[in-house]
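What follows is the residue order along each chain.
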Amino acid sequence: MSENKTNENNTVGIKPQKEKKFRWKSKHDISLLIEVISTEPYRWRHGSRERGEAFRRVAENLKLIPNSAFPISLNQRGVRTRFFELLDSFKRQEGTEARATGIDAEFDEKTQLLMDIHNRMKDFELGFVQEIEKKQEQQEKEKATTEEMRRKASVLLGETSQRKELVTPSKKRKSTEFVEYLKQKEEGNRLNTARQLNNREEELKLEKQKLDLQQGMQNQMLEQLRMQQQSQVAMFNLFQTFSDKFKSQ
C-alpha cells in the first residue's frame, strides 16, 4: 500500500515536458520551399481561403517527413510566416551583384528554389493584374455601350417630339380624308360582298327549280311508261281470252 501511494505521489508530481521551441534551419527551409513549389499556394489571391488551405497542406506535409524535427504544433501561419521571411530576404539580395564564391551547396539550392518560386509568383501576379485590367476594360465597354444606347434613345425621343410638333393642319386634314376614304372603301366592299351573296342565292334558287322541273318530268315519263305497260298487259289478256274462246268453239 505504501509503495502504491509513493508511485501515485511520484506520478502526480511529474510535470509534462514543454515542447522545445522550434528553430528553422537551412534544411528545414529547403523542405519548406520544396513543398511550396509542389503545392503552389501563390496561384491563389492573397487572403483567399484557397491560399490558406494550401499553406495548411504544406504544414501537414512537412510534419510527415521522417526525422525532420518539425514540431507537431506547426501550422499554416508558421509556414506562411517563414516562407515570406525567406522570400523578402531573397528580394532584398536579388538586386546585388554576384555573390562571392565558396557558398555551400545547401545555400545554393535554397537560393535556386527561391528564384524559381519568385519567378512563378510574378507570372501569377501578372495574370492577376491582367485579369483585373480585363474586367475593368469589360466594365468600361459595358458602360460606354449603356451610355451610347441612352444617347440614341434620347435623340430618338427628341426627333419623335419634333415630328409631332411639325405636323400641320394640312397634314392632319389629309390624314382625316385618308381615313374617310378607307371607311368608304370598306363600306363599298361590304355592299359588293352582300350583292354577290344575294346573286348567289338567286342562282341557287334557279338551279333548285330547274332540278325540281327535271325531276317532275322524269316522274311523268315513268308514269306514262307504267301506264303503257299496264295497257299492253290488258290488251294481251283480252287477246288471250278471245283466243281461248275461239279454240273452244
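Refer to the structure above for everything that follows.
This one's a predicted model, so the numbers in the text were calculated from it and none came from an experiment.

**Description of the packing of helix H2 (residues 26–39) against helix H4 (residues 76–94)**
Right, so step 1: Where H2 contacts H4, the two axes come as close as 11 Å, and the packing angle between them is 100 degrees. In terms of axis orientation, H2 runs roughly perpendicular to H4. Contact residues: H2 offers Asp29, Leu32, Leu33 and Val36, while H4 offers Val79, Arg82, Phe83 and Leu86.
Right, so step 2: Its residues placed into classes, the contact of H2 with H4 shows six nonpolar, no polar and two charged.

**Focus: the nonpolar core**
Right, so step 1: Core analysis: the biggest nonpolar cluster contains 22 residues, and Leu32, Leu33, Leu62, Val79, Phe83 and Ile117 have the highest contact counts within it.
Right, so step 2: Elements supplying a minimum of two residues to this core: H2, helix H3 (49–63), H4 and helix H5 (105–165).
Right, so step 3: Considering every element that reaches this core, the biggest residue donor is H5, with six residues.

**As for unusual backbone geometry**
Right, so step 1: Not every positive phi belongs to a glycine, and Glu40 is a case in point at roughly 55 degrees.
Right, so step 2: Locating Glu40 in the fold gives a position in the loop between H2 and H3.
Right, so step 3: In the Ramachandran plot, Asn67 falls in the positive-phi region, its phi being about 55 degrees despite a non-glycine side chain.
Right, so step 4: Mapped onto the fold, Asn67 is located in the loop between H3 and H4.

**Concerning the packing of aromatic side chains**
Right, so step 1: Scanning all chains against the criterion turns up seven aromatic pairs.
Right, so step 2: With centroids separated by 5.8 Å and ring planes inclined at 55 degrees, the aromatic side chains of Tyr42 and Phe124 adopt a geometry described as tilted. Taken together, the residues Tyr42 in the loop between H2 and H3 and Phe124 in helix H5 connect sequence positions 82 residues apart.
Right, so step 3: Exposure remark for Tyr42: the relative accessible area of 4% places this residue in the buried category.
Right, so step 4: Taking the relative accessible area as the measure of exposure, Phe124 reaches 17% and is therefore buried.
Right, so step 5: Between Phe83 and Phe84, the ring centres sit 5.1 Å apart and the planes meet at 70 degrees, which makes this aromatic pair edge-to-face.
Right, so step 6: The rings of Phe22, Trp24 and Phe70 are connected pair by pair, giving a single aromatic cluster.
Right, so step 7: Its guanidinium or amino end placed over the ring of Trp44, Arg43 lies 5.9 Å from that ring's centre, counting from NZ or CZ.

**Quick look at the pattern of salt bridges**
Right, so step 1: As enumerated under the stated definition, the model contains eleven salt bridges in all.
Right, so step 2: Here Glu187 and Arg190 are joined by a salt bridge, their closest N and O atoms 2.3 Å apart. Taken together, the residues Glu187 and Arg190, both in helix H6 (residues 169–248) and three residues apart, mark about one turn of the helix.

**Here we look at the packing of H2 against H3**
Right, so step 1: Packing of H2 against H3 brings their axes to within 10 Å, and their N-to-C directions diverge by 135 degrees. Judged on the interaxial angle alone, H3 and H2 are oblique. As for the relative orientation of H2 and H3, their crossing is right-handed in sense. In contact with Ser31, Leu32, Glu35 and Thr39 of H2, H3 contributes Ala54, Arg57, Val58, Asn61 and Leu62.

**Side note on the side chain of Glu35**
Right, so step 1: As for its placement among the helices and strands, Glu35 is situated in helix H2.
Right, so step 2: For Glu35, which is buried and forms no salt bridge, the nearest opposite charge comes from Arg57, at a distance of 8.2 Å.
Right, so step 3: Look past the residues within four positions of Glu35 in its chain and what remains in contact with it is Val58, Asn61 and Leu62.

Rules used in this analysis
Residues numbered from 1 in each chain as written. Predicted model: local features only at pLDDT ≥ 70, side-chain atom pairs only at ≥ 80, totals over all residues. Heavy atoms only, no water. Axes fitted to C-alpha atoms, helices over the stretch in contact; angles between N-to-C directions. Helix = DSSP H or I, 4+ residues; strand = E, 2+ residues; numbered from the N terminus. Parallel < 35°, antiparallel > 145°, perpendicular 65-115°, else oblique. Contact = heavy atoms within 4.5 Å. Nonpolar A, V, L, I, M, F, W, Y, C, P; charged D, E, K, R; others polar. Core = buried A, V, L, I, M, F, W, Y, C linked by side-chain atoms within 4.5 Å. Buried < 20%, exposed > 50% of the residue type's maximum accessible area, 1.4 Å probe, protein only. Phe/Tyr/Trp six-rings, centres within 6.5 Å; stacked < 30°, edge-to-face > 60°. Lys NZ or Arg CZ within 6 Å of the ring centre and 35° of its normal. Salt bridge = Lys/Arg side-chain N within 4 Å of Asp/Glu carboxyl O. Left-handed = near helix turned anticlockwise from the far one by under 90°. Lys, Arg positive; Asp, Glu negative; His and termini not counted.

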